[in-house]
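Chain residues, written in single-letter form:
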Amino acid sequence: MGWKVKCTSCGTERVLNISFDIGRQKTIYIYCNVCKKNTFNEILGYIDEEAK
Ligand SMILES: [Zn+2]
């Protein structure tokens, strides 16, 4: 489970495995493996992978 985010620079979507609540903010500034730099990532929502 984690937060699904989308890089606003390259559009890559991925899941962040972080425990703290980022749901109250629209974006998070973190490192993007595709852009190879810190970018703003849109927070799309919380994903519960254990529900599969
Ligand atoms: Zn990116």
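Everything discussed here concerns the structure shown above.
All figures in this text were calculated on a predicted structure; none of them were measured in a lab.

(A) Spatial organisation of the sheet that holds strand β3 (residues 27-32). Strand order in the open sheet made by the four strands is β2-β1-β4-β3, with antiparallel pairing throughout. Of all the strands in the sheet, the pair left with one neighbour each is β2 (13-16) and β3. In this sheet, neighbouring strand axes are inclined to one another by 45° on average, regardless of whether the strands run parallel or antiparallel. In the sheet, strand β1 (residues 2-7) pairs with β2 via four bridges, with the strands oriented antiparallel. Across the sheet, K4 pairs through a bridge with V15, a residue of β2.

(B) A look at unusual backbone geometry. The phi angle at K36 is positive, at roughly 60°, despite the residue not being glycine. Along the polypeptide, K36 turns up in the loop between β3 and β4 (37-47). Of the residues examined, K36 has 9 C-beta atoms within 10 Å and is grouped as exposed.

(C) Geometry of the pairing of β1. Bridging between β1 and β4 involves six bridges; their strand directions are antiparallel. When the sheet's bridge partners are listed, V5 is paired in β4 with I43. Between the antiparallel neighbours β1 and β2 lie five residues, among them G11 with a positive phi of about 85°.

The rules behind each value
- Every residue gets a number counted from 1 within its own chain, in the order that chain's sequence is written.
- Owing to the predicted nature of the model, reporting of local features is limited to residues with pLDDT of at least 70; listing and counting of side-chain atom pairs is limited to 80 or more, with chain, interface and lining totals taken over all residues.
- Strands are treated as partners if at least two bridges between them are detected by DSSP.
- Going along the chain from the N terminus, every DSSP run of H or I of four or more residues is numbered as a helix, and every run of E of two or more is numbered as a strand.
- Note on definitions: angles span 0 to 180 degrees between N-to-C directions of axes, and those axes are lines fitted to C-alpha atoms, for helices only across the stretch in contact.
- Partly exposed residues are those whose C-beta has more than 12 but fewer than 20 other C-beta atoms within 10 Å; 20 or more makes a residue buried and 12 or fewer makes it exposed, with C-beta atoms placed from the backbone.

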